[in-house]
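# Analysis of the macromolecular model
For reference, the chains in residue letters:
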Amino acid sequence: MELILYYQSGTRSQRVRWLLEELECDYKIEYIDLFKGDGNTPEYLALHPLGQLPVLKIDGSAMFESGAIVQWLADTYLDKGFAPGIDSPLRREFNQWMYFAATNLELPAWEIMLHSNILPEDVAVKDIIPFATKNLLKVLTVLDEQLKGKNYMVDNKFGAVDIMIGYILLWYPEHVAAFPNLTSYCQNLQQRPAYNRSKQN
Ligand SMILES: N[C@@H](CCC(=O)N[C@@H](CS)C(=O)NCC(=O)O)C(=O)O
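Along each chain, residue indices are assigned from 1 in the same order as the chain's sequence is written. In keeping with the model being predicted, local features are shown solely for residues with a pLDDT of at least 70 and side-chain atom pairs are shown and tallied solely at 80 or more, while totals for entire chains, interfaces and linings include all residues. Based on all heavy atoms of the structure, the side-chain values leave hydrogens and waters out of the count.

### Let's talk about the sheet that holds strand β4 (residues 61-64)
Sheet strands pair via backbone hydrogen bonds, and the direction of the pair is either parallel or antiparallel. So the rule is basically this: Here, any two strands with at least 2 DSSP bridges between them count as paired. Note on conventions: DSSP H or I runs of at least 4 residues are helices, E runs of at least 2 residues are strands, and numbering of each starts at the N terminus. Axes here mean lines fitted to C-alpha atoms, for a helix over just the part in contact, with angles spanning 0 to 180 degrees between N-to-C directions. Note on contacts: a residue pair is in contact if any heavy atoms of the two residues lie within 4.5 Å.
Taken in spatial order, the four strands of this open sheet run β2-β1-β3-β4, and their pairing is mixed. Two strands bound the open sheet, and with one partner strand each, they are β2 (28-31) and β4. Each neighbouring strand pair of the sheet contributes to a mean axis angle of 25 degrees, computed without reference to strand direction. Each of β1 (3-7), β2 and β3 (55-58) is contacted by helix α1 (residues 13-23), which is oriented at about 145 degrees to β1, the strand it contacts most. On top of the sheet, helix α3 (residues 66-76) reaches β1, β3 and β4; it is set at about 115 degrees to β4, its chief contact.

Following this line, the structure appears as structure tokens:
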């Protein structure tokens with residue numbers, strides 16, 4: 001199978017690359033620079049209609065949405081153990097945290113990022129930040145509790161869920177620092193060679 005990842009360091013494409021590295025898959029990278037407008041070319045918009053990262057081209061066919069790609073890879077290489085199989089009782093927990101990561105966790109985290117660092121001053125709505133921070137801290141409390149006495153989210157085994165959650169947690173070391181279980185979780189994740197390879201340009 002030919003896999004081509006459209007990638008830029010510091011974007012959600014890192015989730016996909018992290019899993020590709022964990023899986024020890026053969027894949028190629030197409031480097032994209034969103035700041036230079038690479039996402040707005042007709043060629044790129046044909047792959048992703050919103051011009052976003054990531055895209056994974058699989059035997060010539062483009063797939064987007066980082067969570068969907070991570071799940072597809074984990075399922076496709078099920079024998080590598082990054083997701084429980086569809087018949088496993090653990091699959092419910094897996095689905096639950098995959099969606100939790102993409103919604104409850106990512107939404108407030110992204111709002112804070114957008115309105116504090118990304119949008120121009122005249123467009124950013126600073127009043128959103130305290131509300132989003134309150135929501136993020138609520139979600140971090142849930143995750144910290146979930147990780148009590150465990151190293152990883154599902155079945156205490158590293159997997160796709162940890163990539164989905166860990167990638168977002170690593171945006172906010174200052175908030176994570178208030179939660180002991182999340183702090184050691186993030187330290188463990190950052191020590192993974194595949195995580196470190198996923199950031200390289
Ligand atoms: N839900 C999407 C979000 C993708 C997304 O927003 N990607 C950002 C980079 S992290 C992007 O491409 N932003 C440029 C844009 O929206 O024009 C996913 O997880 O793949």
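Back to the text.
### Observations concerning the site of the ligand
Which entries qualify depends on this criterion: One heavy atom within 4 Å of a molecule or strand makes the whole residue count as near it. A 3.5 Å cut-off defines polar contacts: any pair of N or O atoms within that distance qualifies, except that in protein one atom must be a possible hydrogen donor and the other a possible acceptor, and neighbouring residues in sequence count only when both atoms are side-chain atoms. Accessible surface area values rest on a Shrake-Rupley calculation with a 1.4 Å probe, where residue burial reflects the displayed protein chains alone. Classification used: nonpolar for Ala, Val, Leu, Ile, Met, Phe, Trp, Tyr, Cys and Pro, charged for Asp, Glu, Lys and Arg, polar for all others including Gly.
Lining the immediate environment of the ligand, one finds Thr11, Arg12, Leu34, Gln52, Leu53, Pro54, Glu65 and Ser66. Here an oxygen atom of the ligand and a side-chain polar atom of Arg12 are 3.3 Å apart. Between the ligand and Ser66 there is a distance of 2.6 Å, counted from an oxygen atom to a side-chain nitrogen or oxygen. For the ligand, the accessible surface in isolation is 510 Å², of which the surrounding protein chains cover 74%. Here the residues of the shell around the ligand sort into three nonpolar, three polar and two charged.

### Focus: the domain arrangement of the protein
Note the threshold: Segment limits for the domains were obtained from an automatic or database-derived domain assignment. Note on definitions: buried area is the accessible-area loss of two parts on being combined, 1.4 Å probe, summed for both.
Taken domain by domain, the protein comprises domain 1 (3-80) and domain 2 (90-193). The centre of domain 1, based on its C-alpha atoms, is set 21 Å off from the matching centre of domain 2. Each partner contributes to the roughly 1300 Å² buried at the junction of domain 1 and domain 2, and carbon and sulfur atoms together form 60% of this total. On the domain 1 side of the interface with domain 2, the three residues burying the most area are Arg12, Arg15 and Trp18, jointly 53% of the side's total. Counting every contact that joins domain 1 to domain 2 gives seven residue pairs in polar contact (both at pLDDT 80 or more). Among the elements of the structure, α1 and α3 are those that each provide at least two residues to the side of domain 1 that touches domain 2. Among the residues making up the side of domain 1 that touches domain 2, the classes are represented as four nonpolar, five polar and four charged.

### Describing the pairing of β1
To keep things clear, this is the line we draw: Using a 1.4 Å probe on the protein chains alone, a residue whose accessible area is under 20% of its type maximum counts as buried, one over 50% counts as exposed, and one in between counts as partly exposed.
Among the five residues of β1, five are classified as buried, and the element is accordingly described as predominantly covered. Burial of the side chains of β1 extends over both faces: Leu3, Leu5 and Tyr7 are buried on one face and Ile4 and Tyr6 on the other. Sheet topology note: the β1/β3 ladder contains four bridges and is antiparallel. Residue pairing for β3: Ile4 is matched across the bridge by Lys57. As paired elements, β1 and β2 share four bridges and run parallel to each other.

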